[in-house]
Amino acid sequence: MAGASPVSLSVAVANAGSMGALGALLTAPAAIRAWVEEFRSHSSGPLQLNLWIPDPPPLRDAPAEQRLREFLSTWGPPVPESAGDTALPDFAAQCEALLDLAPTAVSSIMGVFPPAFVTRLKQRGIAWFATATTLAEAVTARDAGADAIIAQGYEAGGHRGSFDPSAAERQCVGLFALVPRLADHIDLPILAAGGIGDGRGVAAALTLGASAALIGTAFLRCPEARTHPAWTAALDQLEPEATTLTRAFSGRLGRAIATDYVKASAAPGSPPPAPYPVQRGLTAAMKEAAAARGDHHRMQVWAGQSAAMAKPIPAAEVVNRIWDDAKALLG
């Protein structure tokens, strides 16, 4: 949920009895500290902080990027040649900030944490939730020292957590198949993520062997989420098939609303996306201009397949409704 996890949402969720979270991929260490300090000034509830495992430096292709810039300039402002030279916060410094802040848990996506960092997490008593999209990834995470496995079904909104970015399209396992598969072979708590938007989904996940559920899209219409109005409007009654997996925004595979731009990017003859994070830099101007205009068809509008379950109600009410309904179903 990087870019969509304001403090206000996590405070409301944690104070309702669940766990707050920050997707810290794009957040510098000082800003992570400031976020956590603000959270703790309003809540004593549990908190998890999430980081991506860095990819190797991308292979650049200047002629391909030129074709992409020309294509993207038909969807937004002209894209400067330097746009692909995007930089991410220092991962090692982010890890140090997480250790200093000692949240309830840290979570990973796109791979596993370095062994030295895992050792220090355990010394600090910080749990590690590792995202996996297949059994093989879950085994790798378990063997690396994870305390729990986040089973990410392909229904999930946002980026796929595949360890191998080139295999993401081939490894699209639904949550109802993934959770029992992991539960049968991994002796760790399984946390179900992807396509869960109400108590029925939570009850089903727990019945299939999960110990908890992670929910994202269902909170995007809550006032505390401060989601762009055009994004929230696009989520209203969104059909599952109106979302799609795409690399058009970042170069990494993720599930978003099938907007005009996303469909055009996938059309025959369109230039293929650049690798992550080059594509993210190339699309930045388009996304910024679209947000200013309120044009969701050119914005980065992630959405899981259960987006229609999202309601414009307070986050605490979402938490309580989901858990009350799940308990009733579970007896």
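Each remark here, short or long, concerns the structure printed above.
None of the values given here were measured: they were computed from a predicted structure. (Residues numbered from 1 in each chain as written. Predicted model: local features only at pLDDT ≥ 70, side-chain atom pairs only at ≥ 80, totals over all residues. Heavy atoms only, no water.)

**Q** So what's going on with the packing of helix α8 (residues 199-207) against helix α13 (residues 315-330)? Which residues, and what values?
**A** Between α8 and α13, whose axes approach to 7 Å, the crossing angle comes to 50°. When the interaxial angle is binned, α8 and α13 end up oblique. The two elements α8 and α13 cross, and the hand of that crossing is right-handed. Contacts between α8 and α13 involve Gly199, Arg200, Val202, Ala203, Leu206 and Thr207 from the first element and Ile322, Trp323, Asp325, Ala326, Leu329 and Leu330 from the second. (Axes fitted to C-alpha atoms, helices over the stretch in contact; angles between N-to-C directions. Helix = DSSP H or I, 4+ residues; strand = E, 2+ residues; numbered from the N terminus. Parallel < 35°, antiparallel > 145°, perpendicular 65-115°, else oblique. Left-handed = near helix turned anticlockwise from the far one by under 90°. Contact = heavy atoms within 4.5 Å.)

**Q** Could you give an account of the packing of helix α1 (residues 7-15) against helix α2 (residues 29-42), with specific residues and numbers?
**A** Between α1 and α2, whose axes approach to 10 Å, the crossing angle comes to 40°. With respect to α2, the element α1 is oriented oblique. Crossing of α1 against α2: the hand is right-handed. Across from Val7, Ser10, Val11, Ala14 and Asn15 in α1, the residues of α2 making contact are Trp35, Glu38, Phe39 and His42. Its residues assigned to classes, the contact of α1 with α2 comprises five nonpolar, three polar and one charged. (Nonpolar A, V, L, I, M, F, W, Y, C, P; charged D, E, K, R; others polar.)

**Q** Hey, could you go over helix α12 (residues 284-293) for me, with residue numbers and the actual values?
**A** Considered for burial, the residues of α12 that qualify are Met286, Lys287 and Ala290. The buried residues of α12 all sit within an arc of 95° when viewed along its axis, so they share a single face. Opposite the buried face of α12, by more than 90 degrees, sit the exposed residues Glu288 and Ala292. Among the residues trailing α12, glycine 294 stands out with phi positive, at a value near 70°. (Buried < 20%, exposed > 50% of the residue type's maximum accessible area, 1.4 Å probe, protein only. Arc of directions from axis to C-beta.)

**Q** Any chance you could break down unusual backbone geometry for me, citing the residues and the numbers?
**A** A cis amide bond links tyrosine 276 with the next residue in sequence, proline 277, at an omega value of 0°. Mapped onto the fold, proline 277 is located in the loop between α10 (260-266) and α11 (278-282). Here the phi dihedral of methionine 110 falls at roughly 80°; this positive angle occurs in a residue that is not glycine. With respect to the helices and strands, the residue methionine 110 is situated in the loop between β3 (105-109) and α5 (115-124). Using a relative accessible area of 4% as the deciding quantity, one classes methionine 110 as buried. Unusually for a residue other than glycine, glutamine 237 sits at a positive phi of about 55°. Looking at where glutamine 237 falls in the secondary structure, it is placed in the loop between α9 (229-235) and β9 (243-246). Judged by relative accessible area, which is 54%, glutamine 237 ranks as exposed.

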